[in-house]
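Coordinate analysis (summary)
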Amino acid sequence: MNAVITITGMMGISQPDADTVELVTDGSYCRTESGYQVRYLESEITGLMGTATTVDINPDEVIVERKGVLNTKMVFKTGEKMNFLYDTRFGAATLGVDTRKIYAEFDDCGGEMSIDYVVDMEHTVVSRNKLNMSVKLRS
């Protein structure tokens, strides 16, 4: 189903000069066997134009997969650290994501989600981030 997706990403939230990016875009939203799925195309605002993003929201995890100018698959599970490959046209790196907290409330009409997480590279914290997403079906 067609949906309006609002995403706010805050990088470096533990610092006073945190970077915030907001994207409002059209995409798709549907129920899956284990939860819900959101799909949308990145834009110039995110710096990832030419990348398709899929977000799978399941009861115990959220998976964000990007394909295009950036290729990555991040798995968020509260209280767990997961490694992922961050592959860009300039090179690739293995990063870690330590999920502090996930809030997700979705139904067949849309929903909201918030993920608080820390990104590290070789056990050194790169940034603390927060991702907020709101999904509303188009009428």
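Check the entry above for the structure.
None of these values were measured; they are calculated from a predicted model.

**Comments concerning the packing of aromatic side chains**
Taken as a whole and assessed by the stated rule, the structure comprises four aromatic pairs. Centre to centre, the rings of Phe76 and Tyr117 are 4.9 Å apart; their planes meet at 65 degrees, and the pair counts as edge-to-face. You can see Phe76 sitting in strand E6 (residues 70–76) and its partner Tyr117 sitting in strand E9 (residues 110–121), a full 41 residues away along the chain. Site record: aromatic cluster; members linked through ring pairs are Tyr29, Tyr36 and Phe106.

**A short note on the environment of Phe76**
You can call Phe76 buried: its relative accessible area is 1%. Sequence-wise, Phe76 and Ile45 are 31 residues apart; in three dimensions their C-alpha atoms are separated by 24 Å. Not counting residues up to four positions away in its chain, the partners in contact with Phe76 are Asp60, Glu61, Val62, Val64, Val97, Thr99, Ile102, Ile115 and Tyr117.

**Examining unusual backbone geometry**
The backbone of Glu122 shows a phi angle near 50 degrees, a positive value even though the residue is not glycine. On the secondary structure map, Glu122 appears in the loop between E9 and strand E10 (124–137). Owing to a relative accessible area of 68%, Glu122 belongs among the exposed residues under this scheme. One non-glycine residue, His123, lies in positive phi territory at about 70 degrees. Tracing the backbone through its elements, the reader meets His123 in the loop between E9 and E10. Overall, the relative accessible area of 73% leaves His123 in the exposed class.

**A closer look at the sheet that holds strand E7 (residues 81–88)**
Read around the closed barrel, the ten strands follow the order E1-E2-E3-E4-E5-E6-E7-E8-E9-E10; overall the barrel is antiparallel. Taken over all neighbouring pairs, the strand axes of this sheet differ in orientation by 25 degrees on average, direction set aside. When strand E3 (residues 36–41) meets strand E4 (residues 52–57), the two strands line up antiparallel, connected through six bridges. In the strand pairing of E4, Leu41 is matched with Ala52.

**Focus on the pairing of E4**
Counting buried residues in E4 gives five out of six residues, a clear majority hidden from the surface. Bridging between E4 and strand E5 (residues 62–67) involves six bridges; their strand directions are antiparallel. Note that in E5 the partner of Ile57 across the bridge is Val62. If you look at the hairpin formed by E4 and E5, you'll find four residues sitting between the two strands.

**Structural notes on the layout of surface pockets**
Of the voids in this model, the largest pocket is the one considered here, and its volume is about 720 Å³. Those elements that provide at least two residues to the lining of the largest pocket are strand E1 (2–11), strand E2 (19–31), E5, E6, E7, E9 and E10. Here the residues of the lining of the largest pocket sort into 20 nonpolar, five polar and five charged. Estimated volume of the second largest pocket: approximately 180 Å³. Residue lining of the second largest pocket: 14 residues in total, with Ile57, Asn58, Pro59, Ala104 and Glu105 positioned closest to the centre. At four residues, the largest contribution of residues to the lining of the second largest pocket is made by strand E8 (residues 91–107).

What counts as what
- Residues numbered from 1 in each chain as written.
- Predicted model: local features only at pLDDT ≥ 70, side-chain atom pairs only at ≥ 80, totals over all residues.
- Heavy atoms only, no water.
- Phe/Tyr/Trp six-rings, centres within 6.5 Å; stacked < 30°, edge-to-face > 60°.
- Helix = DSSP H or I, 4+ residues; strand = E, 2+ residues; numbered from the N terminus.
- Buried < 20%, exposed > 50% of the residue type's maximum accessible area, 1.4 Å probe, protein only.
- Contact = heavy atoms within 4.5 Å.
- Pairing = 2+ DSSP bridges.
- Axes fitted to C-alpha atoms, helices over the stretch in contact; angles between N-to-C directions.
- 1 Å grid on protein atoms, 1.4 Å probe; cavity = no way out; pocket = protein on both sides within 12 Å on 5 of 7 lines; lining within 4 Å.
- Points joined across faces, edges and corners; volume = space filled by probe spheres on them.
- Nonpolar A, V, L, I, M, F, W, Y, C, P; charged D, E, K, R; others polar.

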